Amino acid sequence: MAAEKAPKAAEHKKPAVPPASNQNTQEKEYAQASKMYSWIQWAVGSQNRAEMSRQAGERFQALGDYKDSAARAAECLAMAERAETEEREEEFRAAIEEVDSARTADDYFYAAQALRRMTGHPEAAAAEQQCMEKYRRHRWGKTFGKIAAAVLLCLLLAGGAVLTRTGAIQYGVGSAFMTLHRYENAVSWFRHASDFGDSEEKIAECSYQVANSEFEQGAYAKAYKTYREIGGYRGAEDRAAESFRLMLVNTKPGSVVEFGQTEPGKPAKWYVLDNNGETATLIGEFNVTHAYDSRNKQSTWADSELRVWLNTEFLSDTFYKYERERLAQPALPSDGGAYGLEGGAATADQVYILSAEEAEAYADILHAVNGNGKAKDKYAATAYGWWLRTPGAAANGAAVVDQQGNIDYYGHDQASDQTGVRPVIQVSLTP
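What you are looking at is a predicted structure, and each value in this text was computed from that prediction instead of being measured.

Enquirer: Could you give an account of the overall build of the protein, naming the residues involved and the relevant values?
Expert: When you go through the protein residue by residue, the secondary structure sums to 15 helices and 12 strands. Evaluated residue by residue, the protein yields a buried proportion of 45% over its 431 residues. For the protein, the proportion of contacts with a sequence separation of at least 24, taken over those separated by at least 6, is 58%.

Below you can see the structure in the form of structure tokens.
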């Protein structure tokens, strides 16, 4: 009988150790999430702060129990909820201010529509009902007002021909046109009587009604421009932002739009690079110059002076607050470039510059033909080219698009203050 084999000794397995590469990946993701967390303080507006907090929270959440990721994820998500609550309160307060400043039936109707969309606010339904009651009361007075205004206009034009150059007559004719809802005519007359009575306020009110008409007719580009010129009058800023959003919804890549300003009173022009139905990506047709980083060291986009300048001073000077709140904060991947250098941490920015890869992807649009049918190289905006966020091979360098419109991966010294900057933004198209 064959001898039985002795049982094998129990094997002692070593505890599993995560591969070094996995630990490196987790540490890199943790560092990127921490970087995003540190930039929450720069977010402009409750909506952007909520989005940035939630993005950081989700990154920490994906890391599970790595270091203090769970606690930091909970902190970021709680910050996001608080910011979303603040956003709802800000929208509600803005709607109530619009109700308080309403003067016509149309004003009350638009304010009621805005309140109806605030389904998450506990007081919105009651406020909407009160607003609609005021709307119905104001409509009753319209017919009688029009008849009286028509009679007044006839009397003024018939009996005041000799006095048409006096402020009182011009103001009276403007008031009659205003009552008849012929607002463009009214604006013209009120401007002739700008030093008489409350003509300036009347001009603002009539311009506001002209913009409302343009908006209702779908002339969103005109409405945006008119609302923007009015400024903070009766919620015109919110209407300007909505007009711009609706104008962009059906705008095709390669189009030119106006948004913000390069200096007071001078609109900034942008090329539409992309429109995916949720956001529209725009690059400045205008060009400014700024050093990528003046500290004489190799900086990545994430820690560059250019990034800070674009998202603080440039952002504030170019856009009104209501315009800034329409800007998305897209996640921007790190890019090491053709030489395989360290591209730095991924970022999320309201204003940024293209990477070399993105510039290649948009080459057809950047080299497109302008509105006059003449070939126009939109790459070559300046004699010195313009920055890309991709690192270059030169010492302390960053890649650029040169004056011939070609991507120069070797790049310029980052301290150069002659190299151009083509700002890029993404505008949210969601209501």
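After that view, the rundown keeps rolling.
Enquirer: Please give an account of the layout of surface pockets that cites residues and values.
Expert: Taken as a whole, the largest pocket encloses approximately 1,600 Å³ of empty space. Around the largest pocket sit 42 residues that line it, and E91, A94, R117, M118 and D238 are the ones nearest its centre. Contributing elements (two or more residues each) for the lining of the largest pocket: α2 (46–62), α3 (69–100), α4 (105–116), α9 (199–216), α11 (236–249) and α13 (321–324). Counting residues per element, the lining of the largest pocket draws most heavily on α3, at nine residues. When its residues are assigned to classes, the lining of the largest pocket shows 11 nonpolar, 13 polar and 18 charged.

Enquirer: Mind laying out the nonpolar core, listing which residues take part and the relevant values?
Expert: In this structure, L282 and L354 are the most contacted members of the largest nonpolar core, which totals 58 residues. It is α11 that contributes the most residues to this core, six residues altogether. The contacts of L282, once residues within four sequence positions are left out, are F244, L248, V257, W270, Y271, V272, L273, P423, V424, I425 and V427.

Enquirer: Please give an account of the pattern of salt bridges that cites residues and values.
Expert: Counted by the stated rule, this structure contains 12 salt bridges. Residue E86 is joined to R49 by a salt bridge in which the shortest nitrogen-to-oxygen separation is 2.6 Å. You can see E86 sitting in helix α3 and its partner R49 sitting in helix α2, a full 37 residues away along the chain. For R49, a relative accessible area of 26% puts it in the partly exposed group. Measuring nitrogen to oxygen at the nearest pair gives 2.9 Å for the salt bridge that ties R389 to E358. One end of the pair, R389, is in strand β8 (residues 386–391); the other, E358, is in helix α14 (residues 356–361), with 31 residues separating them in the sequence. Take R389: its relative accessible area is 4%, and that puts it in the buried class.

Enquirer: Can you lay out α11 for me, pointing to particular residues and giving the numbers?
Expert: Taking 1.5 Å per residue as the helical rise, α11 with its 14 residues ought to reach 20 Å, and the 20 Å between its terminal C-alpha atoms agrees with that figure. Of the residues making up α11, those classed as buried are A236, R239, A240, A241, S243, F244, R245, M247 and L248.

Enquirer: Please set out the sheet that holds strand β7 (residues 351–352) residue by residue, giving values where relevant.
Expert: Ordered by their spatial adjacency, five strands build an open sheet running β1-β2-β3-β12-β7, and the pairing between neighbours is antiparallel. Two strands in the sheet have a free side with no partner beyond their single neighbour: β1 (256–263) and β7. α11 contacts β1, β2 (266–275), β3 (279–284) and β12 (424–428) of the sheet and is inclined by roughly 145 degrees relative to β1.

About the criteria used
Residues numbered from 1 in each chain as written. Predicted model: local features only at pLDDT ≥ 70, side-chain atom pairs only at ≥ 80, totals over all residues. Heavy atoms only, no water. Helix = DSSP H or I, 4+ residues; strand = E, 2+ residues; numbered from the N terminus. Buried < 20%, exposed > 50% of the residue type's maximum accessible area, 1.4 Å probe, protein only. Contact = heavy atoms within 4.5 Å. 1 Å grid on protein atoms, 1.4 Å probe; cavity = no way out; pocket = protein on both sides within 12 Å on 5 of 7 lines; lining within 4 Å. Points joined across faces, edges and corners; volume = space filled by probe spheres on them. Nonpolar A, V, L, I, M, F, W, Y, C, P; charged D, E, K, R; others polar. Core = buried A, V, L, I, M, F, W, Y, C linked by side-chain atoms within 4.5 Å. Salt bridge = Lys/Arg side-chain N within 4 Å of Asp/Glu carboxyl O. Expected span 1.5 Å × (residues − 1). Pairing = 2+ DSSP bridges. Axes fitted to C-alpha atoms, helices over the stretch in contact; angles between N-to-C directions.

Interpretation note: all reported values are geometric properties and have no functional meaning in isolation.
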